[in-house]
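Single-letter residue listing:
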Amino acid sequence: MIEDKNQQRTQLSDLGEFGLIDHLTKHFKIKQNSTVKGIGDDAAVLKFDDKKIVVTTDLLIEGVHFDLGYMPLKHLGYKAVMVNLSDVYAMNATATQITVSIAVSNRFPLEALEDLYAGIEAASALYQVDLVGGDTTSSNKGLLISVTAIGTLEGDSEVYRSGAKPNDLLVVSGDFGAAYMGLQVLEREKEVFKVNPNSQPDLELYSYIIERQLKPEARQDIIKLLKDLDVKPTSMIDVSDGLSSEIIHICKQSQVGCDLYEEKIPLDPQVISTCEEFNIDSTTVALNGGEDYELLFTISQDDYTKIKANPNLTVIGHIKEEREGLHLVTRADTRIPIKAQGWKGFND
């Protein structure tokens, strides 16, 4: 958290808009056959033959979605890509291209943007997507990042939120609540740093949850896994705004109800211990924390035997008729209506 006062600073005005774009994107290599023309013209040219494509976009704003007091710019670039790729995978699609647009204030030198784009490049290389365009402009509100992701679908492989049926099983990848608790630790250490700038936090005990906050991974592997297992979800969504919110989205759009079992919600031991430290209920965190970027989906009961032994997947409930409502079944066997209390973009 201690800033190096001797960093090299190159003013963005020294390069100009197009020089800046050329400089930041010169290391990006084309990886997809569908990319005919990437950066350097009025628009990218993509060729998909007869494939369907999916497009999604997200906007991240400094002070709303991230805090540069503890979010390294390289991690921010990486995370900005993950946020969008997660939406592509939630459609059961393959991510192929991204565009990145940024607005920056004059407090950011070239070297800061190089760090940001190094994270974008790392994500693009690991997930085999091409950066094919974007825009840069000035801002008087700090840093804003908008990423658009494009993906392809094979045949009729797309999965919507609206396909869940009564008796389907409710399944998740990974575990929940880690990103939120990582954020709580970082916010606490930020306040300590404000009081004593010479203090350096020991974050080793929180390594997993902090990584989940600063460097999440989109679950491309789950899409491949399901394909290998010959399982096509009946509905799917990525968990960005909180598990409870996403369950409500699926049930509302599918016109169904559900039972979610508290004891089945997967929690990492580090989440449980940190919740105890902060005196926060771990189930509440798992349901409402957000930014997990796991996949929540439903499958037919006929497919249960294909996934039951897989350590990456957990059955957490089942779908019911709409009239039966949405309920959390607690460890004490009490039924509580599920409510959305996660991220709401326009709340003060």
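Residues numbered from 1 in each chain as written. Predicted model: local features only at pLDDT ≥ 70, side-chain atom pairs only at ≥ 80, totals over all residues. Heavy atoms only, no water.

Caption draft 1: Structural context of helix 8 (residues 269-278). Residues of helix 8 that are buried: Gln 270, Val 271, Thr 274 and Cys 275. In an axial view of helix 8, the angular spread of the buried residues amounts to 130°, which keeps them on one side of the axis. Residues of helix 8 that are exposed and angled more than 90 degrees away from the buried face: Pro 269 and Glu 276. Buried residues along helix 8 sit in contact with helix 4 (178-195), helix 5 (207-214) and helix 9 (282-288). Regarding helix 8, its N-cap is Asp 268, as a side-chain oxygen of that residue lies 2.9 Å from the backbone nitrogen of Gln 270 further along. (Buried < 20%, exposed > 50% of the residue type's maximum accessible area, 1.4 Å probe, protein only. Helix = DSSP H or I, 4+ residues; strand = E, 2+ residues; numbered from the N terminus. Arc of directions from axis to C-beta. Contact = heavy atoms within 4.5 Å. Polar contact = N/O pair within 3.5 Å; in protein donor to acceptor, adjacent residues only side chain to side chain.)

Caption draft 2: Summary view of the sheet that holds strand 4 (residues 94-104). The four strands are arranged 3-6-4-5 in an open sheet whose pairing can be described as mixed. Taken across any chain shown, the strands that pair with only one partner, and hence form the sheet edges, are strand 3 (52-61) and strand 5 (130-138). Each adjacent strand pair in this sheet contributes to an overall mean axis angle of 15°, direction not counted. Bridge count between strand 4 and strand 5: eight bridges; the pairing is parallel. Counted as the bridge partner of Ala 103 is Thr 137 from strand 5. Helix-sheet contacts for helix 3 (residues 110-126) involve strand 4, strand 5 and strand 6 (144-153), and the interaxial angle to strand 4 is about 170°. (Pairing = 2+ DSSP bridges. Axes fitted to C-alpha atoms, helices over the stretch in contact; angles between N-to-C directions.)

Caption draft 3: Seen up close, the nonpolar core. Membership of the largest hydrophobic core comes to 67 residues, with the highest contact counts inside it found for Leu 85, Ile 98, Val 100, Leu 116, Tyr 117, Ile 145 and Phe 297. Sequence-distant contacts of Phe 297, defined by excluding residues within four places in its chain, comprise Leu 169, Leu 170, Val 171, Ile 222, Leu 226, Pro 233, Ser 235, Met 236 and Leu 313. By size, the runner-up hydrophobic cluster in this structure holds 22 residues, among which are Ile 250, Ile 265, Ile 319 and Ile 338. (Core = buried A, V, L, I, M, F, W, Y, C linked by side-chain atoms within 4.5 Å.)

Caption draft 4: View of the pairing of strand 11 (residues 313-321). Inspection of the sheet shows strand 7 (residues 169-173) paired to strand 11 by five bridges, in the antiparallel sense. By the bridge assignment for strand 11, Val 171 is matched with Val 315. As paired elements, strand 9 (residues 256-261) and strand 11 share five bridges and run antiparallel to each other. Of the residues in strand 11, the one forming a bridge with Gly 257 is Lys 320.

Caption draft 5: Here's a closer look at the environment of Gly 69. Position of Gly 69 relative to the elements: it lies in the loop between strand 3 and helix 2 (73-89). Residue Gly 69 is classed as partly exposed on the basis of its relative accessible area of 42%. Separated by 118 residues in the primary sequence, Gly 69 and Glu 187 place their C-alpha atoms 9.2 Å from one another.

Caption draft 6: The packing of helix 5 against helix 8, seen in detail. One can describe the packing of helix 5 onto helix 8 by two numbers: an axis separation of 8 Å at closest approach and a directional angle of 100°. The angle between helix 5 and helix 8 falls in the class roughly perpendicular. Contact residues: helix 5 offers Ser 207, Tyr 208 and Ile 209, while helix 8 offers Gln 270, Val 271 and Thr 274. Per-class residue counts for the contact of helix 5 with helix 8 are three nonpolar, three polar and no charged. (Parallel < 35°, antiparallel > 145°, perpendicular 65-115°, else oblique. Nonpolar A, V, L, I, M, F, W, Y, C, P; charged D, E, K, R; others polar.)

Caption draft 7: Representation of the side chain of Ser 240. Its location among the elements puts Ser 240 in the loop between strand 8 (235-239) and helix 7 (243-254). With relative accessibility at 19%, the residue Ser 240 sits in the buried group.

Caption draft 8: Structural view of the sheet that holds strand 7. Reading across the sheet, the seven strands line up as 8-10-7-11-9-12-13 and stay open at both edges, with mixed pairing between neighbours. Strands at the two margins of the open sheet, each flanked by one partner only, are strand 8 and strand 13 (335-337). Taking each pair of neighbouring strands and ignoring which way they run, the sheet shows an average axis angle of 25°.

Caption draft 9: Geometry of the side chain of Asp 303. Structurally, the position occupied by Asp 303 is in the loop between strand 10 (294-299) and helix 10 (304-307). Overall, the relative accessible area of 12% leaves Asp 303 in the buried class. Apart from the residues lying within four places of it in its own chain, the contact partners of Asp 303 are Asp 230 and Val 231.

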